[in-house]
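# A look at the structure
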Amino acid sequence: MSQPLAERMRPRTLDDYIGQRHLVGEGAVLRRMIDSGHIASFILWGPPGVGKTTLAQIIAHKLETPFFTLSAVTSGVKDVRDVIEKAQKGRFFNEASPILFIDEIHRFSKSQQDSLLGAVERGIVTLIGATTENPSFEVIRPLLSRCQLYVLKSLEKDDLLQLLDRALHTDVILKERQIELKETDAMLRFSGGDARKLLNILELVVEADSSEKVVITDEVVVARLQQNPLAYDKDGEMHYDIISAFIKSIRGSDPDAALYWLARMIEGGEDPKFIARRLVISAAEDIGLANPNALLLANTAFDVIQKIGWPEGRIPLAECTVYLATSPKSNSAYLGIDAALDLVRRTGNQPVPLPIRNAPTQLMKELGYHDGYKYPHDYPGHFTEQQYLPDELVNERIWHAQHSPSEQKLYERMISCWGDRFKD
């Protein structure tokens, strides 16, 4: 049985490696390090199918040093210690440190990562880790501080087209077939910048066609796949990237983009309650006092989604998304509470002014608690000026109005009540 196309096409040298020119192009940092033969510990972070494992294997072929491989999926602390012991025993004086490649290093527990630390620190092994997850969250700080971090990007269109051309003309099996690549949009779209996925799609389409001549069109690709292989990991980096894009699109008042990212999450199988919670936060943080109804609608959408779920839940989520994206924006309440928290942390527990203290006992009344308090409802307009902030903070400003049409009314009322105090 032949190897899969993606494995047959795996490059063996940097000259055959496609993409990541910022790391392995002429004069780039990793290229220089590999060419010098002296490798420092590093971690490769990037989405699936962009060449992390391939790069490690190229280094293994290039350098004349022992190369050990562990998979974080199947290896435990004992496996790590066994490899480190072998590396230590097999190393000769003044010889370069053996390389330990750990695929999916983000799956290692803290104890597994701790077991690596001493060996990396003392130079017993040179660590190369590969991860699809943000190392800041998944790799312990002491280990991360001892490794360089290199970020790999999804392959660009030109890279993917180059890979397709190379596969059709150099692969031992495909070059024997008569294949016409008439359209590529669907293949590129479904691959999502993942070289492995692209080659798997190409292989699937070709193997499913027994004709003498295989003609690949977008329609054929969609029909063969029968589903949309979206690159969406609910527990991974893309999960956070897409929700970030969703919220930023709402904040930026772009309903088209917001609906697009909402659709990406729905198609990827995201938990509807997760989306609804973020809409509630966005309504309070980004729309705020410019349109207080936004929070009411977002909270209602949250309630509704818990009652009906998918697929109908997409409709109230879309309604809320468009409403928030098209609403005027204000973050004055958000900035106000953060400013107040900062003031509290800087100034400590300031005493409450006596007039606005509670006085439930006779002793408290005798001490002056509540003495001099002015009940606002006893005054015209239900307002009278008095001190509410502590003595030391009486001149502090915390909330600053942002003059959207709705918030302008609040601002004008504060000016009518307090005069110059609220003028910015």
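First, a word on what this report is: a plain description of the structure on this page. (Residues numbered from 1 in each chain as written. Predicted model: local features only at pLDDT ≥ 70, side-chain atom pairs only at ≥ 80, totals over all residues. Heavy atoms only, no water.)

## Here we look at the packing of helix H16 (residues 293–308) against helix H17 (residues 314–326)
It is at 9 Å that the axes of H16 and H17 come closest, and there the two elements cross at 165°. Our classification of the angle between H16 and H17 gives roughly antiparallel. At the point where H16 passes H17, the crossing takes the left-handed sense. Each of Asn293, Ala294, Leu297, Ala298, Ala301, Val304, Ile305 and Ile308 in H16 lies in contact with H17, whose residues at this interface are Pro316, Leu317, Glu319, Cys320, Tyr323 and Leu324. Of the residues belonging to the contact of H16 with H17, the class tally is 12 nonpolar, one polar and one charged. (Axes fitted to C-alpha atoms, helices over the stretch in contact; angles between N-to-C directions. Helix = DSSP H or I, 4+ residues; strand = E, 2+ residues; numbered from the N terminus. Parallel < 35°, antiparallel > 145°, perpendicular 65-115°, else oblique. Left-handed = near helix turned anticlockwise from the far one by under 90°. Contact = heavy atoms within 4.5 Å. Nonpolar A, V, L, I, M, F, W, Y, C, P; charged D, E, K, R; others polar.)

## Comments concerning the environment of arginine 346
You can see arginine 346 is positioned in helix H18 (residues 332–347). Measuring from C-alpha to C-alpha, the distance between arginine 346 and aspartate 218 comes to 62 Å, with 128 residues separating the pair along the chain. Here the side chain of arginine 346 touches aspartate 342 through a polar contact of 2.9 Å, side chain to side chain. (Polar contact = N/O pair within 3.5 Å; in protein donor to acceptor, adjacent residues only side chain to side chain.)

## Observations regarding unusual backbone geometry
A positive phi angle, close to 55°, is found at glutamine 20, a residue other than glycine. Following the sequence through the fold, glutamine 20 ends up in the loop between helix H1 (5–8) and helix H2 (21–24). Even without being glycine, glutamate 104 reaches a positive phi, approximately 55°.

## Focus on the pattern of salt bridges
As enumerated under the stated definition, the model contains 16 salt bridges in all. Between lysine 78 and aspartate 82 there is a salt bridge, with the nearest N and O atoms lying 3.0 Å from each other. Here lysine 78 pairs with aspartate 82, and both are found in helix H5 (residues 77–90), just four residues apart, close to one helical turn. In this structure, glutamate 180 engages lysine 213 in a salt bridge whose closest nitrogen and oxygen atoms are separated by 3.2 Å. Linking glutamate 180 in strand S6 (residues 178–181) with lysine 213 in strand S7 (residues 213–216), this pair joins segments that are 33 residues apart in sequence. (Salt bridge = Lys/Arg side-chain N within 4 Å of Asp/Glu carboxyl O.)

## Concerning the packing of helix H15 (residues 272–287) against H17
Two elements in contact, H15 and H17, have axes separated by 11 Å at closest approach and are oriented at 20°. In terms of their interaxial angle, H15 and H17 are classed as roughly parallel. Two packed elements cross with a definite hand, and for H15 against H17 that hand is left-handed. Of the residues in H17, those touching H15 at Pro272, Ile275, Ala276, Leu279, Ser282, Ala283 and Ile287 are Leu317, Cys320, Thr321 and Leu324. A breakdown of the residues in the contact of H15 with H17 according to their chemical character gives nine nonpolar, two polar and no charged.

## A few points about the nonpolar core
Counting residues in each nonpolar core, the largest one holds 27 residues, and the members touching the most others are Leu174, Met187, Leu202, Ile216 and Val221. Among the secondary structure elements, those contributing two or more residues to this core are H1, helix H9 (157–170), helix H10 (185–191), helix H11 (195–207), S7 and helix H12 (218–225). The greatest single-element share of this core, amounting to seven residues, is contributed by H11. Isoleucine 216 has contacts with Ile179, Glu180, Leu181, Lys182, Glu183, Met187, Leu202, Val205, Val206 and Val221, leaving out every residue within four places of it along the chain. (Core = buried A, V, L, I, M, F, W, Y, C linked by side-chain atoms within 4.5 Å. Buried < 20%, exposed > 50% of the residue type's maximum accessible area, 1.4 Å probe, protein only.)

## Details of the packing of aromatic side chains
Summed over all chains, the structure comprises three aromatic pairs. Centre to centre, the rings of tyrosine 260 and tryptophan 261 are 4.8 Å apart; their planes meet at 75°, and the pair counts as edge-to-face. Given the relative accessible area of 43%, tyrosine 260 is considered partly exposed. Residue classification places tryptophan 261 among the partly exposed positions, given a relative accessible area of 22%. The positively charged end of arginine 421 is found above the aromatic ring belonging to tryptophan 418, 4.6 Å away from the centroid. (Phe/Tyr/Trp six-rings, centres within 6.5 Å; stacked < 30°, edge-to-face > 60°. Lys NZ or Arg CZ within 6 Å of the ring centre and 35° of its normal.)

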